[in-house]
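As a plain string of letters, each chain reads:
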Amino acid sequence: DTAVSQTPKYLVTQMGNDKSIKCEQNLGHDTMYWYKQDSKKFLKIMFSYNNKELIINETVPNRFSPKSPDKAHLNLHINSLELGDSAVYFCASSQATGDYTFGSGTRLTVV
Amino acid sequence: GESVGLHLPTLSVQEGDNSIINCAYSNSASDYFIWYKQESGKGPQFIIDIRSNMDKRQGQRVTVLLNKTVKHLSLQIAATQPGDSAVYFCAEKRKPNDYKLSFGAGTTVTVRA
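## Concerning the packing of aromatic side chains
- Scanning the entire structure with this criterion turns up 13 aromatic pairs over all chains.
- Measuring from ring centre to ring centre gives 5.8 Å for tyrosine 35 of chain A and phenylalanine 102 of chain A, while their planes differ by 65°; the resulting arrangement is edge-to-face. Of the two residues, tyrosine 35 of chain A sits in strand β4 (residues 31–37) while phenylalanine 102 of chain A sits in strand β10 (residues 101–102), which places them 67 residues apart along the sequence. There is no split in this pair, since tyrosine 35 of chain A and phenylalanine 102 of chain A are both buried.
- Aromatic side chains tyrosine 36 of chain B and phenylalanine 103 of chain B sit 5.6 Å apart centroid to centroid with 45° between the ring planes, which places their arrangement in the tilted category. Here tyrosine 36 of chain B, found in strand β3 (residues 32–38), pairs with phenylalanine 103 of chain B, found in strand β9 (residues 102–103); they are 67 residues apart in sequence, far enough to count as distant.

This is the structure in structure tokens:
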């Protein structure tokens, strides 16, 4: 199936830990994104890569670091996790400036 | 704050009736708008899009209307079904050829049997 795949789907971890979320798309898109959805369902962009180049870097704590090894993959690493990082993180992809295809999300719970 | 917003956070509709979800935006330079549907536990799913050079676009059971004069966007769902229960988001690109998609707050639609 052509899709945007994220792993893991659920992630429960303690404060202070470091964790990573992985994303892969097989749609042949050249641009990938990370969005954070809070408890009120508000979606906010965090980062975007176009052909492995960082093109969007919103006001996000530097504990969050994206990495794109190739245009089909975009990972998100989070250091020193805090309670406020609990949210659902969505990966998405697009072909240039077209519409997005989203993954099914990673629910991160920091305890 | 965000320039994309919705007039109503929730909408309850009888099965079989038509639904109208509204969205306001404030950036007159926005040139591309998309409606997404998010079901519980899933990611947002593309429904329909419209560019600023159009004022109406139709899909299967859905119609998007764009009124640039008052900066208003709406999504109409015909003959609403239980499977239409979800959170609906309008999203915009605020300048031509922009990669960034800015989302509104979302409207939760509940279909009554």
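## Notes on the pairing of strand β8 (residues 86–93) of chain B
All names here are of chain B.
- Of all the eight residues making up β8, eight are buried; the element is thus mostly covered by neighbouring parts of the structure.
- Alternating positions in β8 separate into two faces, Ala86, Tyr88, Cys90 and Glu92 on one and Val87, Phe89, Ala91 and Lys93 on the other, with burial throughout.
- Relative to β8, β3 is paired through seven bridges, and the arrangement is antiparallel. Bridge pairing in β8 links isoleucine 34 to alanine 91.
- Pairing analysis gives three bridges linking β8 to strand β10 (residues 107–112), with the strands arranged antiparallel. Considered in β10, the bridge of alanine 86 is made with valine 109.

## Comments concerning the environment of arginine 57 of chain B
Residues and elements named next belong to chain B.
- Note on placement: arginine 57 falls in strand β5 (residues 56–58).
- Since its relative accessible area comes to 34%, arginine 57 is described here as partly exposed.
- Distance from arginine 57 to tyrosine 88, taken between C-alpha atoms, is 17 Å for residues 31 residues apart in sequence.
- In this view, arginine 57 contacts Ile48, Asp49, Ile50, Val62, Thr63 and Val64; residues no more than four positions away in its chain are not counted.
- A polar contact of 2.3 Å, which involves the side chain of arginine 57, links it to the side chain of aspartate 49.

## Quick notes on the sheet that holds strand β7 (residues 72–77) of chain B
Residue and element names in this part refer to chain B.
- Taken in spatial order, the four strands line up as β2-β7-β6-β5 in an open sheet, and their pairing is antiparallel. Looking at which strands have only one partner, the edges of the open sheet turn out to be β2 (19–24) and β5. Each strand of the sheet is rotated relative to its neighbour by a mean of 15°, with strand direction disregarded.

What counts, and where the lines are drawn
Residues numbered from 1 in each chain as written. Chains lettered and ligands numbered in written order. Predicted model: local features only at pLDDT ≥ 70, side-chain atom pairs only at ≥ 80, totals over all residues. Heavy atoms only, no water. Phe/Tyr/Trp six-rings, centres within 6.5 Å; stacked < 30°, edge-to-face > 60°. Helix = DSSP H or I, 4+ residues; strand = E, 2+ residues; numbered from the N terminus. Buried < 20%, exposed > 50% of the residue type's maximum accessible area, 1.4 Å probe, protein only. Pairing = 2+ DSSP bridges. Contact = heavy atoms within 4.5 Å. Polar contact = N/O pair within 3.5 Å; in protein donor to acceptor, adjacent residues only side chain to side chain. Axes fitted to C-alpha atoms, helices over the stretch in contact; angles between N-to-C directions.

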